[in-house]
Amino acid sequence: MSVTKIRKISSTSLLVLAILTLIVMGLFFFGGYVDPTVPKPEPVHTNTLFYLIYFALGVTLLTMLYFAVVGIAGSLADPKRRKVALGGLLAVVAVAALLLITYAIGSTDKLSLSVDFQKYNTDGYLKFADMWLYSIYTVLGLNVIALIGFAIKGSIKK
């Protein structure tokens, strides 16, 4: 795939997602409430917002897996790029290991939630939420360490 085609696809995807996000956020914030008399009113389009987030997450994960598999397979086919392919495979395995480890260390302690949200107060949901939080913290920490490390490495080279 040529660079211009990739740029065109990613620009179009970004534009479509931005427009969808603006529409859904407008519906969420200005679309009214289910019962405006309660202390914490629920916006009418809460489910629409969740569906947009689920859709974006699903497309992102599927796209990431697709390009990872295609990139690794393409690199493995070329004898000169096998080392690069193994690096890509290692990255996919590292992400999977990170998600499995953070799921395993997730807490199952029940939260004090309202009656409406008790269906999400189960071991699976709690560990799943912790998995994403711990993964975000880990990746953010690794990014900060890499940023500092490369800044120090760059200043030493000069």
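Let us look at the structure shown here. Everything numeric in this text was worked out from a predicted model, so none of it was measured. (Residues numbered from 1 in each chain as written. Predicted model: local features only at pLDDT ≥ 70, side-chain atom pairs only at ≥ 80, totals over all residues. Heavy atoms only, no water.)

Here we take up the pattern of salt bridges. Close approach of charged atoms lets side chains of opposite charge pair. Taken as a whole, this structure holds one salt bridge when the rule is applied. Across the pair Asp 123 and Lys 110 runs a salt bridge, and its minimum N-O distance is 3.3 Å. You can see Asp 123 sitting in helix 4 (residues 123–157) and its partner Lys 110 sitting in the loop between helix 3 (82–104) and helix 4, a full 13 residues away along the chain. Since its relative accessible area comes to 42%, Asp 123 is described here as partly exposed. (Salt bridge = Lys/Arg side-chain N within 4 Å of Asp/Glu carboxyl O. Helix = DSSP H or I, 4+ residues; strand = E, 2+ residues; numbered from the N terminus. Buried < 20%, exposed > 50% of the residue type's maximum accessible area, 1.4 Å probe, protein only.)

The topology assignment puts Asn 121 in the loop between helix 3 and helix 4. Not counting chain neighbours up to four residues away, the residues in contact with Asn 121 comprise Lys 110, Leu 111, Leu 113 and Leu 126. Within polar-contact distance, the side chain of Asn 121 engages the backbone oxygen of Leu 111 at 2.7 Å. (Contact = heavy atoms within 4.5 Å. Polar contact = N/O pair within 3.5 Å; in protein donor to acceptor, adjacent residues only side chain to side chain.)

In a packed pair of helices, the relevant descriptors are the angle between the two axes and the axis-to-axis distance. Helix 4 packs onto helix 3 with a crossing angle of 125° between their chain directions and a minimal axis gap of 7 Å. Classed by the angle they form, the pair helix 3 and helix 4 counts as oblique. Crossing geometry of helix 3 relative to helix 4 is assigned as right-handed. In this structure, helix 3 uses Leu 98, Leu 99, Thr 102, Tyr 103 and Ala 104 to contact helix 4, whose residues at the interface are Gly 124, Lys 127, Phe 128, Met 131, Trp 132, Tyr 134, Ser 135, Thr 138 and Val 139. (Axes fitted to C-alpha atoms, helices over the stretch in contact; angles between N-to-C directions. Parallel < 35°, antiparallel > 145°, perpendicular 65-115°, else oblique. Left-handed = near helix turned anticlockwise from the far one by under 90°.)

What the largest pocket holds in volume is close to 1000 Å³. Forming the boundary of the largest pocket are 28 residues, of which Thr 46, Phe 50, Phe 117, Lys 119 and Tyr 120 lie nearest the centre. Breaking the lining of the largest pocket down by element, the ones donating at least two residues are helix 2 (46–77) and helix 4. The element that contributes the greatest number of residues to the lining of the largest pocket is helix 2, accounting for seven residues. By residue class, the composition of the lining of the largest pocket is 19 nonpolar, four polar and five charged. Volume-wise, the second largest pocket comes out at about 450 Å³. Put simply, the parts of the chain that give the lining of the second largest pocket at least two residues each are helix 1 (3–30) and helix 2. Per element, the largest residue contribution to the lining of the second largest pocket is eight residues, and it comes from helix 1. Of the residues assigned to the lining of the second largest pocket, the class counts are 11 nonpolar, four polar and no charged. (1 Å grid on protein atoms, 1.4 Å probe; cavity = no way out; pocket = protein on both sides within 12 Å on 5 of 7 lines; lining within 4 Å. Points joined across faces, edges and corners; volume = space filled by probe spheres on them. Nonpolar A, V, L, I, M, F, W, Y, C, P; charged D, E, K, R; others polar.)

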